[in-house]
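# Structural overview for review
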Amino acid sequence: MFKRLLVVVASATLLLSTLARAAETADTSLVLLTENFPPYNMAKNGKNFAQGENIDGIAVDIVREMFKRAGINYSLTLRFPWERIYKMALEQPGYGVFVMARLPEREPLFKWVGPIGPDDWIMLAKAGSKITLESLEQARKYKIGAYKGDAIAETLTKQGLAPQVVLRDQDNAKKLVAGQIDLWATGDPAGRYLAKQEGISGLKTVLRFNSAELYLALNKDVSDEVVAKLQAALDAMRAEGLVEEIMGRYL
């Protein structure tokens, strides 16, 4: 009799715990932040602030579907600059930021969902440039433009290449064509998309020096269960071919 009672109590406890976790997940609402980083995330009006449906892009479409499938509520805001939203996601419980390169030094700072898409790192030169590179070291003698606070700029700085940074990556396309910089360190496909938006084409890839994957980075306070639900939703989307389909809409 006593053993049966223990089994009943244990079963009831397990059920209540499961229901509590389910309720907690249903009540969860995350604050998601992003930036203008076409074609992954961008404000429809081209401004540096947008909310909700006024934001689109590859990553935005993927994240929206991912949260819908996981049954998790969220708000979405596009802000500027990157350094600000990175700090908010790092320090404030319930916050997340995307898309972010998952680098070794960032690994313990967040909880990660992804990958959402690739972000190769390249050096671009203007059309007709005679510059040829076989290694990053050979780029040291040139004036390099990069995006302030971006992982590419941080990596180049750590390696002593001292890039000239700007607050909007698309400004580097114009500086490159104007001869103010010799090389533009940027992502692929992001750099080419930004250049195209500025009416600039024909840029020459002179070096491909890293391959990174882009993720949704969540504050460490976000529960493991929420992270697992989001990851499962993304994995299912990729298996169905939906992630590739969404990318095809923009590229």
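Heads up: the structure comes first, above all this text.
Now for a quick tour of the structure. Note that the structure is a prediction, hence the values are computed from the model and not measured.

### Structural notes on the side chain of N219
Here N219 lies in the loop between β11 (204-218) and α7 (224-239). Look at N219 and you get buried, because its relative accessible area is 5%. Among the polar contacts made by the side chain of N219, one reaches the main-chain carbonyl oxygen of Q92 at a distance of 3.2 Å. Among residues more than four places away in sequence, those in contact with N219 are A89, L90, E91, Q92, P93, G94, Y95 and F110.

### Structural notes on the environment of V99
Inspection of the secondary structure puts V99 in strand β6 (residues 95-101). Taking C-alpha positions, V99 is 9.2 Å from L33, a pair spaced 66 residues apart along the chain. With sequence-adjacent residues up to four places away left out, V99 is seen in contact with T34, F37, Y40, N41, A59, W82, I116, L214 and Y215.

### Some thoughts on the side chain of R106
With respect to the helices and strands, R106 occurs in the loop between β6 and β7 (111-125). For R106, a relative accessible area of 4% translates into the label buried. Polar side-chain contacts of R106 include one of 3.0 Å to the backbone oxygen of A101. Beyond its immediate stretch of four places on either side in the chain, R106 contacts W82, Y86, M100, A101, W112, G149, A151 and E154.

### Here we look at the packing of helix α2 (residues 58-70) against helix α8 (residues 242-250)
Relative orientation of the contacting elements α2 and α8 amounts to 150°, with a least axis distance of 9 Å. Taken together, the axes of α2 and α8 lie roughly antiparallel to each other. When you trace α2 past α8, the crossing you get is right-handed. Facing α2, whose interface residues are I58, D61, I62, E65 and R69, α8 presents L242, V243, I246, M247, R249 and Y250. Residues belonging to the contact of α2 with α8 are distributed by class as follows: 7 nonpolar, no polar and 4 charged.

### Points about the packing of aromatic side chains
Tallied over the entire structure, the rule returns 7 aromatic pairs. Summarising the aromatic geometry, the rings of W82 and Y86 are spaced 6.3 Å apart at their centres and angled 50° between planes, so their arrangement reads as tilted. Note that W82 and Y86 are positioned in helix α3 (residues 82-91) at a spacing of 4 residues, about one turn of the helix. With 5.9 Å between their ring centres and 85° between their planes, W112 and Y215 make a pair best called edge-to-face. With W112 in strand β7 and Y215 in strand β11, this residue pair connects regions lying 103 residues apart in the sequence. Classification of W112 by relative accessible area gives buried; the value is 8%. On the accessibility criterion, Y215 (12% relative accessible area) is buried. Three or more aromatic residues joined by ring pairs make a cluster, and in this case those are W82, Y86, F110, W112 and Y215.

Analysis parameters
Residues numbered from 1 in each chain as written. Predicted model: local features only at pLDDT ≥ 70, side-chain atom pairs only at ≥ 80, totals over all residues. Heavy atoms only, no water. Helix = DSSP H or I, 4+ residues; strand = E, 2+ residues; numbered from the N terminus. Buried < 20%, exposed > 50% of the residue type's maximum accessible area, 1.4 Å probe, protein only. Polar contact = N/O pair within 3.5 Å; in protein donor to acceptor, adjacent residues only side chain to side chain. Contact = heavy atoms within 4.5 Å. Axes fitted to C-alpha atoms, helices over the stretch in contact; angles between N-to-C directions. Parallel < 35°, antiparallel > 145°, perpendicular 65-115°, else oblique. Left-handed = near helix turned anticlockwise from the far one by under 90°. Nonpolar A, V, L, I, M, F, W, Y, C, P; charged D, E, K, R; others polar. Phe/Tyr/Trp six-rings, centres within 6.5 Å; stacked < 30°, edge-to-face > 60°.

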